[in-house]
Amino acid sequence: MTQQGTIKKLLPGRMAEVEVTRRSACGHDCAKCGGCGGLETQTLYVTAFNSVAAQVGDRVLLEGETGRVLGIAVLVYLLPVVLFFVGYGAGSVLGGGAAQAALCGGLLFVLGILGAMWYSRQMKKKNDVPFAITQRL
């Protein structure tokens, strides 16, 4: 998985904050498709290992470990939803009605989000990021 970006800030431990413009999966060729309604691109900031000693303002090529990136996406997006349904089911089985089931589901959903946030902070503390800057452009 490769992406282009611009170095915005140098961080300790040979790390850098990189501004990346995320495009749609279809290649953002709206003139041909028009299916997404012409949604604009989204700007993201990611932390990456700066193996080429790039400086602020440099355009760079980022490479990500696809398996780790997908694993993190599952943790952040899918785990809270799965926990919601588990909590909702558990609340239903306990026989408290729809309100209790929704409350249990909501609590587990929030716990899933908090767990993902905690994991993200642990990764940052360890400088364990799934992206590396591989070259200057």
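Residues numbered from 1 in each chain as written. Predicted model: local features only at pLDDT ≥ 70, side-chain atom pairs only at ≥ 80, totals over all residues. Heavy atoms only, no water.

J.: What is the right way to look at the sheet that holds strand 3 (residues 42–50) in this model?
T.: Each strand in a sheet pairs with another by means of backbone hydrogen bonds, the pair being arranged parallel or else antiparallel. Around the barrel, which closes on itself, the five strands sit in the order 1-2-3-5-4 with mixed pairing between neighbours. Shown here is a sheet whose adjacent strand axes are inclined to one another by a mean of 55 degrees, direction ignored. Pairing between strand 3 and strand 5 (residues 131–136): two bridges, direction parallel. The partner of Asn50 across the bridge, within strand 5, is Ile133. (Pairing = 2+ DSSP bridges. Helix = DSSP H or I, 4+ residues; strand = E, 2+ residues; numbered from the N terminus. Axes fitted to C-alpha atoms, helices over the stretch in contact; angles between N-to-C directions.)

J.: Which parts of the structure should I look at to understand the pattern of salt bridges?
T.: Close approach of charged atoms lets side chains of opposite charge pair. Scanning the entire structure with this criterion turns up two salt bridges. In this structure, Asp58 engages Arg136 in a salt bridge whose closest nitrogen and oxygen atoms are separated by 4.0 Å. Residue Asp58 is located in the loop between strand 3 and strand 4 (59–64), and its partner Arg136 is located in strand 5; the two are separated by 78 residues in the primary sequence. Judged by its relative accessible area of 46%, Arg136 is partly exposed. (Salt bridge = Lys/Arg side-chain N within 4 Å of Asp/Glu carboxyl O. Buried < 20%, exposed > 50% of the residue type's maximum accessible area, 1.4 Å probe, protein only.)

J.: Would you mind showing me how to read the pairing of strand 5 here?
T.: Here is the key point about a regular strand: its side chains alternate between the two faces of the sheet. Note that strand 4 and strand 5 share five bridges and pair antiparallel. Following the sheet pairing, Glu63 is matched in strand 5 by Ala132.

J.: Any chance you could explain the packing of aromatic side chains here in plain terms?
T.: Geometrically, a pair of aromatic rings is defined through the distance of the ring centres and the angle of the planes. A complete count under the given rule lists two aromatic pairs for this structure. With 5.3 Å between their ring centres and 75 degrees between their planes, Phe84 and Phe85 make a pair best called edge-to-face. Plain terms: the ring middles of Phe84 and Tyr88 are 6.0 Å apart, the flat faces sit at 35 degrees to each other, and that makes the pair tilted. In this pair, Phe84 and Tyr88 both sit in helix 1 (residues 66–93), four residues apart, roughly one turn of the helix. Looking at Phe84, the relative accessible area reads 26%, which means it is partly exposed. (Phe/Tyr/Trp six-rings, centres within 6.5 Å; stacked < 30°, edge-to-face > 60°.)

J.: Would you take a moment to explain helix 2 (residues 97–125) for this structure?
T.: Two residues of an α-helix separated by three or four positions point the same way, owing to the 3.6 residues in each turn. Between its first and last C-alpha, helix 2 extends 42 Å over 29 residues, near the 42 Å set by a 1.5 Å rise per residue. Turning to helix 2, its buried residues number three or more, namely Ala101, Gly105, Gly112, Ala116 and Met123. Packing partners of the buried residues in helix 2 comprise helix 1. (Expected span 1.5 Å × (residues − 1). Contact = heavy atoms within 4.5 Å.)

J.: In this structure, what is going on with a nonpolar patch on the surface? I would like to understand it.
T.: Judged by side-chain polarity, Val81, Phe85, Phe109, Val110, Leu111, Ile113, Leu114 and Met117 come together as a nonpolar surface patch covering roughly 690 Å² of accessible area. Elements that contribute at least two residues to the nonpolar patch include exactly helix 1 and helix 2. Tracing the backbone shows Met117 in helix 2. (Patch = residues over 30% accessible without salt bridge, like charges linked within 9 Å, V, L, I, M, F, W, Y side chains within 5 Å. Areas by Shrake-Rupley, 256 points an atom, 1.4 Å probe, with all protein chains shown as cover.)

J.: Which parts of the structure should I look at to understand the nonpolar core?
T.: The nonpolar side chains of soluble globular proteins are, as a tendency, buried together. Membership of the largest hydrophobic core is limited to twelve residues, which are Ile7, Ala16, Val18, Val20, Val46, Ala48, Ala54, Val60, Leu62, Val69, Phe131 and Ile133. Of all elements in the fold, only strand 2 (15–22), strand 3, strand 4 and strand 5 reach the threshold of two or more residues within this core. In terms of residue count, strand 2 provides more of this core than any other element does, three residues in total. Not counting residues up to four positions away in its chain, the partners in contact with Leu62 are Met1, Thr2, Gln3, Val18, Val20, Val46, Ala48, Ala132 and Ile133. (Core = buried A, V, L, I, M, F, W, Y, C linked by side-chain atoms within 4.5 Å.)

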